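Listed below, chain by chain, are the residues.
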Amino acid sequence: MSYQQVDHGHGHGHRDGHSSDGSDGSDHHDDDHDASSKMLWRGLWLCLGFMAVELVAGVVASSLAVITDALHMLTDALAFGLLIYTASVAKMPSTTRYTYGFKRAEVLGAVLSTLLIWMLTAMLVYEAGWRMAAYREGSMEDVDGRVMFGVAVLGVAFNVLM
């Protein structure tokens, strides 16, 4: 592809060989986006499904480790959802107000996803502190190791699928 100055009609040009809508004039970009979008949706639904299994198993087993992994899966699902949304926003054409388009939406989505993970981490550290205090007092619930092991085996299989 040759790079040329492209006038987008909003006061400056871009030397990128792309039109103002971010495409390069070919249809393969849309095909790639559709395939990527389908994979992201598949990942989202797989994460939500396995998260539900882990959350139920974590509560049944009284295992903070399994509940933590379920909540980690929730952040993964939220990240998939944010990526699906921000990728569609990023495809929007530039406007007179947003002369570079909406490409930064993906970066903002990544920042939001990271903030969610940090908030989740803080909540889990707080819960772990309460559980450690309960352990010292001798009032901690027993954890069902068999359920934890079963979920771990399913988790390995799930990670292979992903």
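Structure first, text after, so check above.
The structure presented is a predicted model; accordingly, all values stated were derived computationally and were not measured.

## Notes on the overall build of the protein chain
Within the protein chain one finds four helices and two strands. Beginning at the N terminus, the succession of helices and strands in the protein chain can be written as β-β-α-α-α-α. Within the protein chain, buried positions represent 28% of all 162 residues. Here the contacts in the protein chain between residues at least 6 apart in sequence split such that 55% fall between residues at least 24 apart. For the protein chain, the exposed surface amounts to about 11,000 Å²; the carbon and sulfur share of it is 65%.

## Considerations on the nonpolar core
Listed in full, the 10 residues of the largest apolar core are Leu40, Leu44, Cys47, Phe50, Met51, Ala70, Met73, Ala77, Ile84 and Phe158. When residues of this core are traced back to their parent elements, those giving at least two are α1 (28–61) and α2 (64–90). In terms of residue count, α1 provides more of this core than any other element does, five residues in total. Apart from residues lying up to four places away in sequence, Cys47 is in contact with Met73, Asp76, Ala77, Phe80, Phe158 and Met162.

## Some thoughts on the side chain of Ser113
In this fold, Ser113 is placed in helix α3 (residues 104–137). The buried category is assigned to Ser113, whose relative accessible area is 12%. Every residue in contact with Ser113, bar those within four places of it in the chain, is listed here: Ala79 and Leu82.

Rules used in this analysis
Residues numbered from 1 in each chain as written. Predicted model: local features only at pLDDT ≥ 70, side-chain atom pairs only at ≥ 80, totals over all residues. Heavy atoms only, no water. Helix = DSSP H or I, 4+ residues; strand = E, 2+ residues; numbered from the N terminus. Buried < 20%, exposed > 50% of the residue type's maximum accessible area, 1.4 Å probe, protein only. Contact = heavy atoms within 4.5 Å. Areas by Shrake-Rupley, 256 points an atom, 1.4 Å probe, with all protein chains shown as cover. Core = buried A, V, L, I, M, F, W, Y, C linked by side-chain atoms within 4.5 Å.

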